[in-house]
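The chain contents come next:
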Amino acid sequence: MTPNPSRPSRLQQCQLSIALLSALALGSCASTPSGDPNTTQDDSKLQVTTTFLPITNFTKAVAGDRAQVTQLLPNNIGPHDYQAKPEDVQKLAKTDILVMNGLEMEAFLEDMVKNAGNSELAMVDSSEGIAVIPNEEEHGDDHKGEKDEHDHEDHEGEDHQDEDHAEDKDHDEEKDHAEGGHDHGENNPHIWLDPKRAIQQVENIRDGLIKADPDGKSTYEVNAAAYIDQLKKLDTEFTEQLKPYAGKTFVTYHDFADYFARSYDLKVEYLVGIPHENASPEDVKRVINAANSSNLKTLLSEPQASGNPFTALAQDLKVQVGTFDPLESGGTDALEADYYLSAMRANLKNLTTAFGSQPQAWVPVQPRQRTVATLPQWSLVKF
């Protein structure tokens, strides 16, 4: 059979098919947005980038639908473990506003912002103007071996007579063990765990968004006010439920709860200064003393801790292991504004359980007692 010159050969048909498939594949790749696969880019909105979970929660609460809020860190990776990637720098190059916690919690940002080359990037430091706890003052310097040199009224009467374990070298050890460019810096950065300071962070975020987007002022003010009301209610719940435990000490895995503890007249001990640090025998002894002095029922680890750092210690003390979530990372639901509120309420429940939770258990019983007490009166009327 004589081939038809006007009809493509089988080889030519195959080549054409391959070319078409290649073109379609390239087109599909070009139209797929980079970054978080769960986020659809909307270039018509103000682009706001946040650093990690609590800052994302607060910013989403304030921005509402007016801005597109995208978190820089993967939600399951906290600032302690984060390592910047080229695509993360590209996010900063395209964003309008960057919202951070501040206080050197995001030490990785300096180089990233510089490499992004975004001269129009507005930066909002949510820690601005908030009272901080210098790291050298934590726990009245009992952990730094400097108790005689400093007198901090927040810890008057706090006594660790059996502790002769921490020397000035602890400062260097914290830096040596720092991961992901994070060494807690000059001041403790965990301000978001105190609802009172969280309110100030929300106010700073509100003001930063208004400055960058004046037309959205009324939206940001209304949204911030609504969220602040919820934070005030949360603070009231903590105040009322923790009042019976004033002066008691609880134990966490790493050093994140000082703002929280001081806000509610509590004390806190921790096993290690930062995650991935190795606890010394003196650290273990200090935790044991704290657990015994407060008659703790639970040692509070954290969801982000690798392994089970409190298991053996809890067995020796004959107590349970619970969690206090520092909210530095979380699951897929952790990016929504209400996550902070629900996670903190879970922390409250776990903390009162650690203390014994007798006062908390008594609260819901009272209404039922009054209702039952009226029943005999109705019976007497019938007779």
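Criteria and cut-off values
Sequence positions are assigned chain by chain, starting from 1 and proceeding in written order. Two thresholds apply to this predicted model, a pLDDT of at least 70 for residue-level local features and 80 or more for giving and counting side-chain atom pairs, whereas whole-chain, interface and lining totals are computed over all residues. Working from all heavy atoms in the structure, the side-chain values ignore hydrogens and water. Each axis is a line fitted through C-alpha atoms, and for a helix only the stretch in contact is used; angles between axes span 0 to 180 degrees, taken between their N-to-C directions. The secondary structure listing takes helices from DSSP runs of H or I that are at least 4 residues long and strands from runs of E that are at least 2 residues long, numbered from the N terminus. Take the far helix as the reference: if the near one is turned anticlockwise from it by less than a right angle, the crossing is left-handed, and if turned clockwise, right-handed. What makes two residues a contact is simply this: any of their non-hydrogen atoms within 4.5 Å. The nonpolar class holds Ala, Val, Leu, Ile, Met, Phe, Trp, Tyr, Cys and Pro. Asp, Glu, Lys and Arg form the charged class, and all remaining residues, Gly among them, are polar. What we call a nonpolar core is a set of buried Ala, Val, Leu, Ile, Met, Phe, Trp, Tyr and Cys residues that are connected through their side-chain atoms within 4.5 Å. Burial status follows relative accessibility: with a 1.4 Å probe on protein chains alone, a residue under 20% of its type maximum counts as buried, one over 50% as exposed, and anything between as partly exposed. Expected span, for any helix, means 1.5 Å times one less than how many residues it has. Pairs were defined over the aromatic rings of Phe, Tyr and Trp, the Trp ring being its six-membered one, requiring ring centres within 6.5 Å. Orientation was assigned from the angle between planes: stacked under 30 degrees, edge-to-face over 60, tilted for the rest. Scored from 0 to 100, pLDDT reflects the predictor's confidence in each residue. For the purpose of charge, His is not counted, nor are the chain termini; Lys and Arg are scored as positive and Asp and Glu as negative. In the sections that follow, a salt bridge refers to a side-chain nitrogen of Lys or Arg positioned within 4 Å of a carboxyl oxygen of Asp or Glu. Residues adjacent in sequence count toward polar contacts only when both atoms are side-chain atoms; beyond that, a polar contact is any pair of N or O atoms within 3.5 Å, and within protein one must be able to donate a hydrogen and the other to accept it. Two strands form a pair only when DSSP identifies at least two bridges running between them. Whether a crossover is right-handed depends on one test, that the path from the first strand over the helix to the second runs clockwise when the strands point away from the viewer.

A. Structural detail: the packing of helix α3 (residues 86–94) against helix α4 (residues 109–116). For the pair α3 and α4, the least separation of the axes is 8 Å and the interaxial angle reads 65 degrees. By crossing handedness, the relation of α3 to α4 is classed as right-handed. Residues D88, V89, L92 and A93 of α3 form the contact with α4, whose own contacting residues are L109, M112, V113, N115 and A116. Here the contact of α3 with α4 is built from residues that sort into 7 nonpolar, 1 polar and 1 charged.

B. Representation of the nonpolar core within the structure. In terms of nonpolar packing, the biggest core is built from 82 residues, with F250, F260, L266 and Y340 touching the most fellow members. It is helix α11 (residues 339–355) that contributes the most residues to this core, 9 residues altogether. Membership of the second largest hydrophobic core comes to 5 residues, among which are L103, I133, I191 and Y259.

C. Structural view of helix α7 (residues 217–242). Here α7 spans 37 Å end to end across 26 residues, near enough to the 38 Å set by a 1.5 Å rise per residue. The complete set of buried residues in α7 reads Y220, A224, Y227, I228, L231, L234, D235, F238 and L242. Along its buried surface, α7 packs onto β1 (46–50), α2 (53–63), α6 (195–212), α8 (258–263) and α11.

D. Highlighting the packing of aromatic side chains. For the structure on display, the rule yields 14 aromatic pairs. Consider the rings of F238 and Y264, whose centres lie 5.4 Å apart with planes at 25 degrees: the pair is stacked. Placement of the pair is F238 in helix α7 and Y264 in the loop between α8 and β6 (267–272), with a sequence separation of 26 residues. Neither F238 nor Y264 differs from the other in exposure class; each is buried. A centroid spacing of 6.4 Å and a plane angle of 90 degrees characterise the contact between Y253 and F310, whose relative ring orientation is edge-to-face. A residue pair is termed long-range when its members are at least 10 positions apart, and Y253 in strand β5 (residues 249–254) and F310 in the loop between β7 (298–301) and α10 (311–317) qualify at 57 residues.

E. How the structure looks around the confidence of the model for the chain. Residues with a pLDDT of 70 or more make up 70% of the chain, whose mean pLDDT is 78. Ignoring residues within four places in sequence, the model shows residues 1–8, a span with pLDDT below 50, making 1 contact including any to other chains. Here residues 10–38 is modelled with pLDDT under 50, and outside its nearest four sequence neighbours on either side it reaches 2 contacts, counting other chains as well.

F. Molecular detail of the side chain of E277. With respect to the secondary-structure elements, E277 resides in the loop between β6 and α9 (281–293). Summary of buried charges: E277 has no salt-bridge partner, and the nearest side chain of opposite charge, R286, is 7.6 Å away. Side-chain polar atoms of E277 contact the backbone nitrogen of G273, separated by 2.6 Å.

G. Local environment of unusual backbone geometry. The phi angle at L103 is positive, at roughly 60 degrees, despite the residue not being glycine. One can find L103 in the loop between β3 (97–100) and α4. For L103, a relative accessible area of 17% translates into the label buried. At E104, a residue that is not glycine, the phi angle is positive and equals roughly 65 degrees. Taking relative accessible area as the criterion, E104 reaches 44% and is therefore assigned partly exposed.

H. How the structure looks around the sheet that holds strand β4 (residues 122–125). The parallel open sheet is built from 4 strands, whose spatial order is β2-β1-β3-β4. In this open sheet, the two edge strands, each paired with only one partner strand, are β2 (67–71) and β4. Pairwise comparison of adjacent strand axes, ignoring direction, gives a mean angle of 25 degrees for this sheet. With 5 bridges joining them, β1 and β2 adopt parallel strand pairing. Each bridged residue has a counterpart across the sheet, and for T49 the counterpart in β2 is T70. Sheet strands touched by α2: β1, β2 and β3. Its angle to β2, the strand with the most contacts, is close to 175 degrees.

I. Just the side chain of T50, in detail. The residue T50 is located in strand β1 in this model. Here T50 falls in the buried class, since its relative accessible area comes to 0%. Once residues lying within four places of it in the same chain are set aside, the contact partners of T50 are I55, T56, T59, V69, T70, Q71, L72 and V99.

J. Main features of the environment of S306. Within the element layout of this structure, S306 appears in the loop between β7 and α10. The class of S306 is exposed, set by a relative accessible area of 58%. Each C-alpha atom, one on S306 and one on P275, is 8.7 Å from the other, the two residues being 31 residues apart in sequence.

K. Focus on the pairing of β3. Residues I97 and V99 of β3 are buried on one face, and the alternating residues L98 and M100, pointing to the opposite face, are buried as well. Judged from the 3 bridges that link them, β1 and β3 form a sheet pairing that is parallel. From the neighbouring strand, V48 faces β3, where its bridge partner is I97. In this sheet, β4 lies alongside β3 in parallel orientation, the contact comprising 4 bridges. Pairing of M100 across the sheet is with D125, part of β4. Remark: the β3/α4/β4 crossover connection has right-handed handedness.

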